[in-house]
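Structural overview
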Amino acid sequence: MHVLAIMGSPNKKGHTYQVTREVEAAMQSLGEVEFTYLFLRDVNLEPCRGCFQCVTKGEQRCPIKDDDRQAIVEQMGAADGVILASPNYVGSIS
């Protein structure tokens, strides 16, 4: 089994990472699980421009083409499970 852990924290060894490692250890105690950690601070993700092209004409019409979004979507699709891990900063997730 392959699990992709998407880490929203800018701190690579902080509490969010430590908690996710505990989840990994618990899962591995039940059987063989391969974890891949993807730190969002290390990828190029452009913010949504609010143009609504994806809503009105389909997701393929999104004008953002030069970021890492598609590669992340492909990694998520190839994984057996995905963990979205985020700290809570000022009452909101990253």
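Residues numbered from 1 in each chain as written. Predicted model: local features only at pLDDT ≥ 70, side-chain atom pairs only at ≥ 80, totals over all residues. Heavy atoms only, no water.

Topic: the sheet that holds strand β2 (residues 34-39)
- Ordered in space as β2-β1-β3, the three strands form an open sheet in which the pairing is parallel. Both outer strands of the open sheet, β2 and β3 (81-85), are each paired with one neighbouring strand and no more. Ignoring strand direction, the axes of neighbouring strands in this sheet form an average angle of 20 degrees.
- Relative to β3, strand β1 (residues 2-7) runs parallel, the two sharing five bridges. Bridge assignment links Ile6 to a residue of β3, and that residue is Leu84.
- Running over the sheet, helix α1 (residues 15-28) touches β1, β2 and β3 and is turned about 165 degrees from β2.
- On top of the sheet, helix α3 (residues 69-78) reaches β1, β2 and β3; it is set at about 145 degrees to β1, its chief contact. (Pairing = 2+ DSSP bridges. Helix = DSSP H or I, 4+ residues; strand = E, 2+ residues; numbered from the N terminus. Axes fitted to C-alpha atoms, helices over the stretch in contact; angles between N-to-C directions. Contact = heavy atoms within 4.5 Å.)

What about the side chain of Glu24?
- Relative to the assigned elements, Glu24 resides in helix α1.
- A distance of 2.6 Å separates the side chain of Glu24 from the side chain of Tyr37, its partner in a polar contact.
- When residues no more than four places from it in sequence are discounted, the contact partners of Glu24 are Phe35 and Tyr37. (Polar contact = N/O pair within 3.5 Å; in protein donor to acceptor, adjacent residues only side chain to side chain.)

With respect to unusual backbone geometry
- The residue Phe52 is not glycine, and still its phi comes out positive at about 65 degrees.
- For Phe52, the position within the fold is in the loop between β2 and α2 (53-56).
- Phi at Val90 is positive, roughly 50 degrees, even though this residue is not glycine.
- Summarising the element assignment, Val90 is placed in the loop between β4 (88-89) and β5 (92-93).
- Take Val90: its relative accessible area is 88%, and that puts it in the exposed class. (Buried < 20%, exposed > 50% of the residue type's maximum accessible area, 1.4 Å probe, protein only.)

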